[in-house]
Amino acid sequence: SSCAMRAKASDMHSKDCVKVAVRVRPFNKRERDAGSRCIISLVSTSISIQDPRDCHNRRSFCFDYAYWSHSGFTRDQTGLFVPEEPGGRYADQHSVFQDLGVGILENALQGYNATLLAYGQTGSGKSYSMVGYGPNKGLVPKLCDRLFEAIRENQENRQCQVFFSMLEIYNEQVVDLLSRGSRTAGGLRVREELQRGFYVEGLRKIPCENALQVEQLMEQGTRTRTTAATQMNANSSRSHMLIILQLKQIFSKESITKQSNINLVDLAGSERQRSSGSEADRLKEGTAINLSLTTLGNVISALADVAVGKKVVHIPYRDSVLTKLLQSALGGNSRTVMIATLSPADICYEESLSTLRYAERAKRIQNRAVVNESPTERLVKELKAENARLLQKLSRMDQEGRRATDESKELRQLLTQNELQIRAIQTLWEQHLQEALKDWEQQYANITQERRMMQMYPYILNINEDAQLSGVVKLFIQEQNHTIPYRTAAICSEELQTLKIQEHHAVFRNEQRRVTLTPLTGSKVIVNGNAVYETAELQHLDRLILGSNCTYLFVGYPSERGGEDWSRYDYDYFQSELAAAEGIHLSGIGESNTGCSQTDPSLLAVFYDYIQLMPMVAEANQISQELSKGVEFKLEIKNLALSDSRGHDLQKDIVVRVTAAGSKQVWMWSKAKFVNRKFLMEEVYQQFKAAQHEDNPRDKDPFWDPVEPLLLGTTHLWLQSLAFRIPLEEQLEVLGSEGTEEAILQAQLVPCTSTGLPLGEDDILIDPSEVLGRRLDFQLVLDQCCGVRWIREARNRGIQIGFRVFDCSEPLYTPAVWHNINPLLDHRVQFTSLQTSQRLLDYLQSSAVVLELWGLQVLEGCSVLSSSLGAVRMTAEGAFIIDLLHPSQAAVRLQLSDSAELSCSVRALQQDVEELKSLNESLRKENHSLREQLNAVKNGNRHTIIPLCPCFLPLALGGDGARGRSLRPSCDAEFARALKVFYHSMTSVRGQLQRLRRHRPSEESDLLGLRLFVDEQSRLLRDFSEQLEDGVSTLKQDVAAIVRRKRERSGIWS
C-alpha cells in the first residue's frame, strides 16, 4: 500500500500546476436551526452550486479533487467520523490525507518545496481540515506523524533534521508564535536574499525529533496566538497562520543533502459582505488588515492569466507580507495544493460561490519546482573533496620519503582546519537539539503543572470566535491561603491587555470553596449576559465577559463538574445570551403574520450578523471613548417593523446608527461600511497606544462622514377607496425601522376631474371594473406632520416626505420644512391614467402608497432630496401620467413630445364617440321598451310600474371627466354612501389592529407588569372587536334598508 501511495503522489504531481481540492462540510448549528437547504451537489470531481433565489441559475466547476463531507457519516466508538456504509461517498480525514497529505510528504522527501493552502470563509471547515479536533486529526498532525515515521524507516541511509516554525500575519505585521521574548513592536521584518528569496528575519526555528514535540509546539503557538489576538483587540478570523516545517536530509554515501520547506498555510476568512449592505465606503476599503488576502487574489489572477498565455506586465508579490512569503508556492519553486472549504447552506451562497471562483483561478497556476541542495551542505562536500586531495598529496610525499617540509606542514594545517569546519557544521544540529531540550523540559513541566492544578482549583478558560483558539488560556483561582493571583487582578491585566480591561479590573476571591467576583470602579463585567456592579458568587459554567469582549467560561471545583457538554458554550452562545439580555432574539426578529414556525434563513442570517457585530460595536464605542471622539455606535435592525406597498415584510438587515454627541449629527452605516471603519479605528487606536498618534484630517477620520438625509420611517396610505372613487382622509402613524413612532402624518386621497375638481358622491362606483379603459384622475394631499421626534431632539433639523405611485420611475418629494415639530406641508400632487388598465386597477385594490419620512441635517450643508422629473410625463394641467400601457410603449412615449399628447387627446375623443354611439343604441332599445309598456297601460294593465334605467336619465355634460357618464338612480347613490361609511370605519379598525400588533410587554416586566399588560391587551381586543362588529353591522343594516326601498319602489325585486 505504501508503494501505491507513492505512485498516487507521483501521479498527482507529474505536472507542476497548482492542485486544487474542494471539501463540503456538514451543516453547523445555526444552519440546522434555520432549516437551511443544501444548494451544493457533487459528482466525481465536478461540483455544482444553485442560486437559492433562482432555481434555473446553477454554476458548475471541476477540480482535481472534490470531497463530500456533508452527510453519510457516523461517529464510531473512538470518536472518529467514518462513512455510514463501507465504500460510502463520505470523505473522512483519512481519505483527504491519502489524496493530499501523502503527495505533499513524498514531494518533501524527494527534496521539493511543498505548500498546502487552506482557503474559505470563516467557519467553513478550514481548521477542521488542517488541524482537526480530538481523534479526527487533520492534515497537519497526520503529515507530521507520517514524516517522522518515514524518517525512522530510512534512518540507515540518511540523517534527517526537522525544524519547526510558526508565525501569524495580522494587519501586515508578522508575529513569531514561538518567540520566548516580548512581542516586537511593528512585528518581525521580511527581508529578501538572492539565494533564499523572501524570509522572516529573527524567526525561531526549533529542532524536533518526533511528532509529539511538534504537537506541543503547535499548542504553544496557539496559546500565543490567542493571547496576542486579545492584546491587539484583533479578530483571529482576519489573520493568516503559517507553519513551516524545514526538512534537511543528509545522504552520507551519496554525499548530498536535500533540503525542502513544507509550508502549511491557514488563510484568513474569505467571507464577503452580504450584498444588501455592500455599498462602497468613502474611505479605502480593505486596509492593511485585508491587504494580504486581497493581494493574494490579485497574484492568483495574474498567474492564471500568464498560464493561459495572456501578457501580464507585473505580478504583485511585493504588495503584501503574505504574498512575499508565498512567492515560491505560487508560480515559483514549489509543488502546491490548495484545499477550498465550503458551506453547502443556502444562507452562505454568495460566500461559497466566491470561494469556488477563487479556487478555479488558482488551479491554472503553473510552478517551476526543482530539487533543493543546501549551500551549507555543498560546502561540506567541497571541504571533504579538498581534504581527500590533501591526504592523497601527503601520502605521495610520504611514499617519496620526503622529510617534513614547510609545504607538508601547511598541508596538514589546512587539513586540520577543514576537519574542524566540517565537525562544526555537523555538530550544529546537536547544538540546536541541546538548546531546544531545555525548552522541552520547561514546557513539559508547565503542562504537567497545569493539569495538576485543573484537578485542584476552579479556573476560567477563554472562549474564542475561532474554536481552534478556545480553551487555550486558563487562569486559576486559588484558595486565599495560597498565593492569590487575582486578589488585585494582576494576572488579568497582564494577560488581557485590551479594550476596557483596566490594570485593576476585578477581584476574584476563593474563600471556603466559594468563588466570588467583584468588579472594581469603572470596570465592565458581564455574567451570563447581565452587567454586574457588585460582588457576585460564581457557579460552575457561568459565562463571563470582561471589558469589551474578553469571553471566559468559569469552571468550578472538580466535585462540581458533572458530565456536562461544555462545547455548547461556544462564542455564539455568549453573544446570543448578551443579545437576549438586550431584547434581541430570533423570535422577536422573525415575528410575522405567516404563523409558520420555521425560521426564515434570511432572518437567521440577520440574527447572527447582529451577534457577530455586537462585540465589534462595543469595542468601537470604547475606542471612541478612549480617543475622546464623542461618537456613539448603536446596532439596529433595518426594516424590522416596515413593509412594502403590498404589506409584505421588507428584507431585514443590520445597520449601525452613528451619533456625534456634540453636533447631534447622525449617520447610518451598513454592516460592510462599519466593519471597514472598525479596522481603520483599530489602526488609529494602535498608533495612539504606541504614542505615534497624530490627528487625522477630518476627511481621513474613520469616525466622521459628510451628513446625508436619513430615512426615519414609513407609513402606508391604502389606495383601495380610489378603485370605487371614494375620497379618503387619514391620520397616519409614521413608524421607524424598529417600530418607534416618529410622527403623525395627515394625508388625503381625492378622486377628481382632469382639472382637479373633487368628485361628488354621485360619482362613486359600485363596480370598480367600470373604470377600465377610461380616464382616472386623483390627488394625493399631504396636509401636515405632527410631533416629529427627529426635530424634537434637535431644532436645527428638517424633514421631507418621499413617495412613489404605481409605475413612476423616480420618487417624488415634498419641499423641505425646517425647525418645526408640527410642520405644515400643504402639498398636493395629481396623478392621471389616460386609459385605466387592469394592472392599475389591481394595484389600487391591493396596494398602498408608501410615504417615507426623511430627516435633514442642517450642519455641513446636508443635501435636500429633489424630485427627478426628467423621465416623468405630465398632462397639460400638470398632472403626473401613470399607467403607461407597456414597458416598450412607455419607452416609445418617452421619446415623443407634443405629438404624443395630441394623439392621446384624439384617442380619448374617439373613445367618447364610441361611448355615445353605444349610449344612443341603448336609448333606442329603451325607447322601444317604453312604447310597449305604454301600449300595455292603454290596454288596461294600469298597475305596472315602469322601472327606471340609468340610460334613460339625461347626460351630464359639465366637464371632461363627466362626459359619457350617467347619473345613478337614488338606490345606487345610497349604496355608494353606505360603502363610503364602511370604508371609513375599516380605516379605524386597521389602525386598532396595528396598535394590537405593536403592543408588547416590556422586557423588564415583573408579574404585576405582566398582569397590567394582559388587562390592557384585553381592552384593546374588546375595542377592536366592537369596532369591527359595528362597521359590519352598520353595512348590513344599510344594505337591507336599500334593498327594502328598492322592492317597495319596483315591486319586482326579490
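Residues numbered from 1 in each chain as written. Predicted model: local features only at pLDDT ≥ 70, side-chain atom pairs only at ≥ 80, totals over all residues. Heavy atoms only, no water.

- Named according to an unreviewed UniProt entry, the chain is Kinesin-like protein 6 originating from Poecilia formosa.
- UniProt lists a comment for the chain under the heading Subcellular location (unreviewed entry), and it reads "Mitochondrion membrane".
- Per its UniProt entry, the chain bears the Sequence similarities (unreviewed entry) comment "Belongs to the TRAFAC class myosin-kinesin ATPase superfamily. Kinesin family." (UniProt positions renumbered as here; feature names shortened; annotations may be inferred.)

**Things to note about unusual backbone geometry**
1) Next: A positive phi angle, close to 60 degrees, is found at Arg 513, a residue other than glycine.
2) Next: Structurally, the position occupied by Arg 513 is in the loop between strand S21 (506-511) and strand S22 (514-519).
3) Next: Residue Arg 513 is classed as partly exposed on the basis of its relative accessible area of 47%.
4) Next: Positive phi outside glycine occurs at Phe 806, with the angle close to 50 degrees.
5) Next: Here Phe 806 lies in the loop between strand S35 (797-803) and strand S36 (812-813). (Helix = DSSP H or I, 4+ residues; strand = E, 2+ residues; numbered from the N terminus. Buried < 20%, exposed > 50% of the residue type's maximum accessible area, 1.4 Å probe, protein only.)

**A few points about the sheet that holds strand S29 (residues 653-660)**
1) Next: In space, the three strands of this open sheet follow the order S28-S29-S30, with antiparallel pairing throughout. Looking at which strands have only one partner, the edges of the open sheet turn out to be strand S28 (631-638) and strand S30 (666-670). In this sheet, adjacent strand axes meet at a mean angle of 30 degrees when their direction is disregarded.
2) Next: Two elements, S28 and S29, share eight bridges in a ladder whose sense is antiparallel. When the bridges of S29 are listed, Lys 634 appears paired with Arg 657. (Pairing = 2+ DSSP bridges. Axes fitted to C-alpha atoms, helices over the stretch in contact; angles between N-to-C directions.)

**Concerning helix H16 (residues 671-689)**
1) Next: Over its 19 residues, H16 runs 26 Å from end to end, which matches the ideal 27 Å to within 8%, given 1.5 Å per residue.
2) Next: Summarising burial for H16: 14 of the 19 residues are buried, a large majority.
3) Next: Ala 691, located one to two residues past H16, shows a positive phi value of around 60 degrees. (Expected span 1.5 Å × (residues − 1).)

**Some words on the UniProt feature "binding site: ATP" (unreviewed entry) in the chain**
1) Next: The sites that UniProt annotates as "binding site: ATP" (unreviewed entry) are Gly 120, Gln 121, Thr 122, Gly 123, Ser 124, Gly 125, Lys 126 and Ser 127.
2) Next: Relative to the helices and strands, Gly 120 resides in the loop between strand S8 (114-119) and helix H4 (126-130).
3) Next: Owing to a relative accessible area of 0%, Gly 120 belongs among the buried residues under this scheme.
4) Next: Not counting chain neighbours up to four residues away, the residues in contact with Gly 120 comprise Lys 126, Ala 268, Gly 269, Ser 270, Thr 341 and Thr 355.
5) Next: Checked against the element boundaries, Ser 127 lands in helix H4.
6) Next: Among the residues examined, Ser 127 registers a relative accessible area of 12% and is labelled buried. (Contact = heavy atoms within 4.5 Å.)

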